Amino acid sequence: MAQATQGQKTPISLLSTDHKSHPLQDTLLAATLILGAVAFVTAFFHNLHLLTSWAGLIGILTGAYGQFISETTRERFGMIVGLGAAGIGFYLGMANGGLFGGLLG
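Residues numbered from 1 in each chain as written. Predicted model: local features only at pLDDT ≥ 70, side-chain atom pairs only at ≥ 80, totals over all residues. Heavy atoms only, no water.

(A) Structural detail: the overall build of the chain. Helix and strand content of the chain: three helices and zero strands. Residues classed as buried in the chain amount to 33% of the 105 residues present. Here the contacts in the chain between residues at least 6 apart in sequence split such that 78% fall between residues at least 24 apart. Approximately 6,500 Å² of the chain is accessible, and the part contributed by carbon and sulfur atoms is 72%. (Helix = DSSP H or I, 4+ residues; strand = E, 2+ residues; numbered from the N terminus. Buried < 20%, exposed > 50% of the residue type's maximum accessible area, 1.4 Å probe, protein only. Contact = heavy atoms within 4.5 Å. Areas by Shrake-Rupley, 256 points an atom, 1.4 Å probe, with all protein chains shown as cover.)

Written out as structure tokens, the structure reads:
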């Protein structure tokens, strides 16, 4: 077990298993977490259903693609958290008026 902690400098590196840079995956992770947080927080306000549903939908799409190309446990864990928040926001936004809610007829 002592070998498992050799060479690791920070606690977050326990989740970064290959110790390489992944700029695309990290960007998708950040976008998914931000969009998920926006969708989740705005879901509590029914008059913001357009923002909630669009942020949730885009967060789900970026999270799904990021999950598909992720390479480390850190990326996958963050994607799942962001996907969950984006999914909750998306579904509550759809329930309160949807993506176009009154704008298209």
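(B) Up close: the pattern of salt bridges. A full pass over the atoms with the stated rule returns one salt bridge. Linking Asp 26 and Arg 74 is a salt bridge whose minimum nitrogen-to-oxygen distance equals 3.3 Å. Taken together, the residues Asp 26 in helix α1 (residues 23–42) and Arg 74 in helix α3 (residues 73–95) connect sequence positions 48 residues apart. Under the relative-accessibility criterion, Asp 26 is labelled partly exposed at 28%. Of the residues examined, Arg 74 reaches a relative accessible area of 21% and is grouped as partly exposed. (Salt bridge = Lys/Arg side-chain N within 4 Å of Asp/Glu carboxyl O.)

(C) The arrangement of the packing of α1 against α3 in detail. With their axes 7 Å apart at the nearest point, α1 and α3 run at an angle of 30° to one another. The angle between α1 and α3 places the two elements in the roughly parallel class. Judged by the sense of rotation from one axis to the other, the crossing of α1 with α3 is left-handed. Between α1, through Gln 25, Asp 26, Leu 28, Leu 29, Thr 32, Leu 33, Gly 36, Ala 37, Ala 39 and Phe 40, and α3, the contact on the second element is made entirely by Arg 74, Glu 75, Gly 78, Met 79, Val 81, Gly 82, Leu 83, Ala 85, Ala 86, Ile 88 and Gly 89. Among the residues forming the contact of α1 with α3, the class breakdown is 12 nonpolar, six polar and three charged. (Axes fitted to C-alpha atoms, helices over the stretch in contact; angles between N-to-C directions. Parallel < 35°, antiparallel > 145°, perpendicular 65-115°, else oblique. Left-handed = near helix turned anticlockwise from the far one by under 90°. Nonpolar A, V, L, I, M, F, W, Y, C, P; charged D, E, K, R; others polar.)

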